[in-house]
Amino acid sequence: MSSPSTTMNPPVQLSLPRTPPGPAPGCGVCAALAKQRTAAYGNGDLSAVSDCNVELAAHPKKHPEVQ
């Protein structure tokens, strides 16, 4: 019969959080999303913060003149 392993697994390596996306200059939609994100963060609604980050990251693709 084999004896069970008594050693610990190696530590998990985590990366640093990504920098949140910024609004595209001159875009009202991006500015509104950034404002919503700030309000959500102030209210402690981190799910809404994440949702705004996803929308901000995807939105500049809708106005290709801003890259």
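Residues numbered from 1 in each chain as written. Predicted model: local features only at pLDDT ≥ 70, side-chain atom pairs only at ≥ 80, totals over all residues. Heavy atoms only, no water.

(A) The overall build of the protein, seen in detail. When you go through the protein residue by residue, the secondary structure sums to 2 helices and 0 strands. In the protein, which comprises 67 residues, the share counted as buried stands at 19%. Taking contacts inside the protein between residues at least 6 apart in sequence as the whole, the part at least 24 apart equals 43%. Working note: accessible area of the protein is about 5800 Å², and carbon and sulfur atoms make up 59% of it. (Helix = DSSP H or I, 4+ residues; strand = E, 2+ residues; numbered from the N terminus. Buried < 20%, exposed > 50% of the residue type's maximum accessible area, 1.4 Å probe, protein only. Contact = heavy atoms within 4.5 Å. Areas by Shrake-Rupley, 256 points an atom, 1.4 Å probe, with all protein chains shown as cover.)

(B) Main features of the packing of helix H1 (residues 28–42) against helix H2 (residues 46–58). Following both chains from N to C, one finds H1 and H2 inclined at 160°, their axes separated by 8 Å at the closest point. Regarding the angle of H1 to H2, the classification is roughly antiparallel. H2 is crossed by H1, and the crossing has left-handed handedness. Residues Cys 30, Leu 33, Ala 34, Gln 36, Arg 37, Ala 40 and Tyr 41 of H1 form the contact with H2, whose own contacting residues are Leu 46, Ala 48, Val 49, Cys 52, Asn 53, Glu 55 and Leu 56. Here the contact of H1 with H2 is composed, by residue class, of 10 nonpolar, 2 polar and 2 charged. (Axes fitted to C-alpha atoms, helices over the stretch in contact; angles between N-to-C directions. Parallel < 35°, antiparallel > 145°, perpendicular 65-115°, else oblique. Left-handed = near helix turned anticlockwise from the far one by under 90°. Nonpolar A, V, L, I, M, F, W, Y, C, P; charged D, E, K, R; others polar.)

(C) Structural context of H1. For H1, with 15 residues, the first-to-last C-alpha span of 21 Å sits near the 21 Å given by 1.5 Å per residue. If you check which residues of H1 are buried, you get Cys 30, Leu 33, Ala 34, Arg 37 and Ala 40. Axial view of H1: buried residues confined to an arc of 125°, hence all on one face. Exposed side of H1, more than 90 degrees from the buried face: Gly 28, Lys 35, Thr 38 and Gly 42 are the residues found there. In this structure, the buried residues of H1 make contact with H2. Directly beyond the C-terminal end of H1, a positive phi value near 80° is found at Gly 44. (Expected span 1.5 Å × (residues − 1). Arc of directions from axis to C-beta.)

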